[in-house]
Amino acid sequence: MYGMEGLKSFESIAIWVVFAIAIFSIVYAFYLRANILREDKGSEKMQEVWRAIRDGADAYLGRQSKSIWPLIGVLTVVLFASVAIIPPSEEALRQFAGYDAGTVTWIIGGARAIAFIMGAVASMQVGQLGMRIAVEANVRVASASRQSFGKALDIAYRAGLVTGMLTSGLGLLGGTLIFIILGIAAPDALLGFGFGGTLLALFMRVGGGIFTKAADVGADLVGKVEAGIPEDDPRNPAVIADLVGDNVGDCAGMAADIFESSEVTIVSSLILGLALWHVTGNQLEWIIFPLIVRGIGVISTVVGAYFVKSGEDSKSGNAMKAIFNGLIISAIFSSVLFSIAGYLYLQNIAGGWWRIPAAVLVGVILAIVIDRLTDYFTGSDGAPVNEIKKSADTGPATLILSGISGGFESSVWSVIVIAVTIIASILLFGQFGATYVLYGVSMTGIGMLTLTGNIVAMDSFGPISDNANGIGEMSWSGQTDKTTQDAQKIMADLDAVGNTTKAITKGVAIGSAVIAAVSLFGSFLVDVSRAQATLGVPAEGLLSATGIRVDIPQVFVGMLIGGALPWLFSSFAVQAVTRAASLIVLEVRRQFKLGVLDGKIQPDYRQAVSISTTAAQKELVTLALLGVVTPIIVGLTLQVEALGGFLAGIIVSGQLLAVFLNNAGGAWDNAKKLIEDEPKDPAKNLGKGSERHKASVVGDTVGDPFKDTAGPALNPMIKVVNLVAVIIAPIVVQYQGVTGAPLAIVWVVSLALIGVLAWAVIRSKAPAQSMTAELGDSKKK
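So, how was this worked out
- Residues numbered from 1 in each chain as written.
- Predicted model: local features only at pLDDT ≥ 70, side-chain atom pairs only at ≥ 80, totals over all residues.
- Heavy atoms only, no water.
- Helix = DSSP H or I, 4+ residues; strand = E, 2+ residues; numbered from the N terminus.
- Rg over C-alpha atoms; globule rule 2.2 N^0.38 Å.
- Buried < 20%, exposed > 50% of the residue type's maximum accessible area, 1.4 Å probe, protein only.
- Contact = heavy atoms within 4.5 Å.
- Areas by Shrake-Rupley, 256 points an atom, 1.4 Å probe, with all protein chains shown as cover.
- Lys, Arg positive; Asp, Glu negative; His and termini not counted.
- Charge placed at Lys NZ, Arg CZ, Asp CG, Glu CD.
- Phe/Tyr/Trp six-rings, centres within 6.5 Å; stacked < 30°, edge-to-face > 60°.
- Core = buried A, V, L, I, M, F, W, Y, C linked by side-chain atoms within 4.5 Å.
- Salt bridge = Lys/Arg side-chain N within 4 Å of Asp/Glu carboxyl O.
- Expected span 1.5 Å × (residues − 1).
- Bend = angle between axes of the 7 residues up to and from the residue.
- Polar contact = N/O pair within 3.5 Å; in protein donor to acceptor, adjacent residues only side chain to side chain.

1. Remarks on the overall build of the protein chain
Okay, so step 1: Each helix and strand in the protein chain was counted, giving 21 helices and 0 strands.
Okay, so step 2: Taken against the 2.2 N^0.38 rule, which gives 28 Å for 781 residues, the C-alpha radius of gyration of the protein chain at 26 Å falls within 12% of a compact globule.
Okay, so step 3: Overall, the protein chain is about 80 × 55 × 40 Å in size when its C-alpha atoms are taken along their principal axes.
Okay, so step 4: Looking at the protein chain residue by residue over its 781 residues, the buried ones come to 64%.
Okay, so step 5: Partitioning the contacts of the protein chain with sequence separation of at least 6, the portion at a separation of at least 24 is 86%.
Okay, so step 6: Counting only carbon and sulfur atoms, one obtains 65% of the accessible surface of the protein chain, whose full area is about 26,300 Å².
Okay, so step 7: Separation of charge centres in the protein chain, based on 55 positive and 61 negative side chains, amounts to 4 Å.

Written out as structure tokens, the structure is:
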């Protein structure tokens, strides 16, 4: 195979070992799945609820696939054709030395298009397979809770680990396979792989987030606030849609999100490593070591998972401590192994072998610090959440204000932590130049996502526990025996911990998104400079030498547009939830009026599922177009320097907004749970049904689309924008300063894309036709 030519024996062995580890990760995931499926599914009533959740989730994913693949097909053709506009890279010509430049161009174009499809398929499979094992596990966790706390914890975490191993394995398999085939030309194709995975993650995040929060908000407002019934009460017509949403939003969406983050960090590290390969006399260590670290991460996840234990026969335990122990063990084990690998392999690196492993270690530490920081601002034991709980005494307005202030503060600390991380890379590599520093940042991202399996397992643990708790609530209603009471307590404890782990992993995902975006920004500078060099621009005029100057008006305009885009994106996402939640509120009220609460008729769960599905599908393509089309318009109309300013604006603004949305929403949610855990005493305004509880539910419903729709969807959106910018940058450079017919073509294309963007905005603001019909029907009834 072309890619393995010229490698040292150690390098060839290392690559094949990493490839084998990727396959092992996938096999191990299916081994865990088989063990989980052998667990007991509980009573017939539990399985009835479980089947309704499973059918709703499968139906949603089926409709989502039909909405996504036409756009994927169009973009595959565009990616293939885009390579023909620019000459092949020096690395591609060297890798395929036996072919002329025209043939090499089409080889790279085909490789990028195929890699794009590979990335999209892998991202979708990670999301869908992860969601399906979560659905299979939730009923088994509920059944295990009737035996012991440890048994329920074990099943829930192992089910999440299935998704984690798939995420690590499929990503590593794709990246390694592309390198084995293409060698030093791999970054050209890996851009397509990363873009495919990121775009699918955006689809799954947006669609799943709208579905889950439309159902959740509608169910809570009418069920808890208006009717005063418990969460997951089987009489609530929106309860199944809510439980379905936990799977399509948190399981499928988060798995795809972390998958693409890990791929984007690989893409950026290989692009920057390739730049250093040129500078350092063809040292392949810069390119191969990131793949070695990723392989070590897979093994470390498996080792750490065996330390997530609680008392097998106990009726209570500390799930958060057990899960965090597994994370720490994985972090320590991986740090030792990649340090040893660095010592053995990086002896010829200028400045000392220890610098690259040190950058990776900074990433591992960053993941743990963000974990603890997010836990402080969103966890039930932290001061911010308890302050929100206290503010419930004076109503929903003060409670919401308290959550907003905590969210603002958390954004500042998160930015400071990431800034310190980048400063660490400057300290490690600053003496060697900017490209080395950016490579160090990319290796920090590699280190942060070394624990990908653990992070995804922690996240999936949340919706699995939530669903299991819901199945128990719906199946055990009216049962008062001690076994049932113990099981309900176990499920409530796991659900509370799962709520915190979801918030923590969203924080880690946001942090990794920013590090990945900064790395891609470095890749953007490298690719632009290489494109300029091929056009004869002198070294002192390259973008890597001049930098991006904000005193140039076009660059400042680009920064303003980039800073504004996350806010517009979030606005459309929250609007979609608002519209769909309003319809679900009307539908639940309608069924309550018909006598559902009194048992005169059975609730029709299908209506809420249908409303949420329709709302989610409507926004998939339009919100994706904001991320794909906007950077192309900025690049073609304002030129490549302004595109760089645009990327800087979106990274800073998107980071601040995403952390605020995630942490404010998570804090409101846990404050509500603290109030629900109080002994019920209406006279003292305590517990469920009290005015304080109703105020907390209002805060929670405000935070729901923050933490589960807009905030998480910003992660892949930021990276979609950066990847598109890296892909189109050489084309923008090629057509910069053209006159005559080429200039006319550029403006025709730009105006057409502006028209597409305007259509996306108008379509996002308009209610879907089927939703409008449903609203009319609800009013008539």
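So that's the structure; there's more coming.
2. Thoughts on the packing of aromatic side chains
For any two aromatic rings, the description comes down to two numbers: the centre-to-centre distance and the angle of the planes.
Okay, so step 1: Counted under the stated rule, the structure contains 17 aromatic pairs.
Okay, so step 2: Taking the centre distance of 5.8 Å and the plane angle of 85° together, the rings of W16 and F19 count as edge-to-face. Here F19 and W16 lie together in helix α1 (residues 9-37), a separation of 3 residues that amounts to about one turn.
Okay, so step 3: Among the residues examined, F19 registers a relative accessible area of 18% and is labelled buried.
Okay, so step 4: Measuring from centroid to centroid gives 6.4 Å for F521 and F524, while their planes differ by 25°, and the two rings are stacked.

3. Focus on the nonpolar core
The nonpolar side chains of soluble globular proteins are, as a tendency, buried together.
Okay, so step 1: F195, F289 and F524 are the most contacted members of the largest nonpolar core, which totals 260 residues.
Okay, so step 2: Looking at which element gives the most residues to this core, the answer is helix α18 (residues 605-676), with 32 residues.
Okay, so step 3: Once you skip the residues sitting within four places of it in the chain, F289 turns out to touch F338, A341, G342, Y345, L346, I356, P357, V360 and M443.

4. A short note on the side chain of D459
Okay, so step 1: Structurally, D459 can be placed in helix α14 (residues 452-475).
Okay, so step 2: It turns out D459 is buried and unbridged, and the closest side chain with the opposite charge, K506, is 4.7 Å from it.
Okay, so step 3: With near-sequence residues (within four places) excluded, D459 lies in contact with D250, M254, K502 and T505.

5. Topic: the environment of K482
Okay, so step 1: Position of K482 relative to the elements: it lies in helix α15 (residues 482-534).
Okay, so step 2: Given a relative accessible area of 57%, K482 falls into the exposed group.

6. Side note on α18
Okay, so step 1: The first and last C-alpha atoms of α18 sit only 25 Å apart over 72 residues, clearly below the 106 Å expected at 1.5 Å per residue.
Okay, so step 2: At Q639, α18 shows its strongest bend, of approximately 135°.
Okay, so step 3: The opening residue of α18, the one whose side-chain oxygen lies 3.2 Å from the backbone nitrogen of R606, is D604.

7. Quick notes on the side chain of D669
Okay, so step 1: For D669, the position within the fold is in helix α18.
Okay, so step 2: Setting aside residues no more than four positions away along its own chain, D669 makes contact with N499, D700 and K707.

8. Quick word on the pattern of salt bridges
Okay, so step 1: Applying the stated criterion across every chain yields a total of 36 salt bridges.
Okay, so step 2: The partner of D708 in a salt bridge is K506, and the shortest N-O contact between them spans 3.0 Å. Note that D708 is positioned in helix α19 (residues 691-734) and K506 in helix α15, a separation of 202 residues in sequence. Of the two residues examined, D708 and K506, each falls in the buried class.

9. Things to note about unusual backbone geometry
Negative phi characterises most residues that are not glycine, and trans characterises most peptide bonds.
Okay, so step 1: Residue Q639 is not a glycine yet carries a positive backbone phi of 80°.
Okay, so step 2: Topologically, Q639 is positioned in helix α18.

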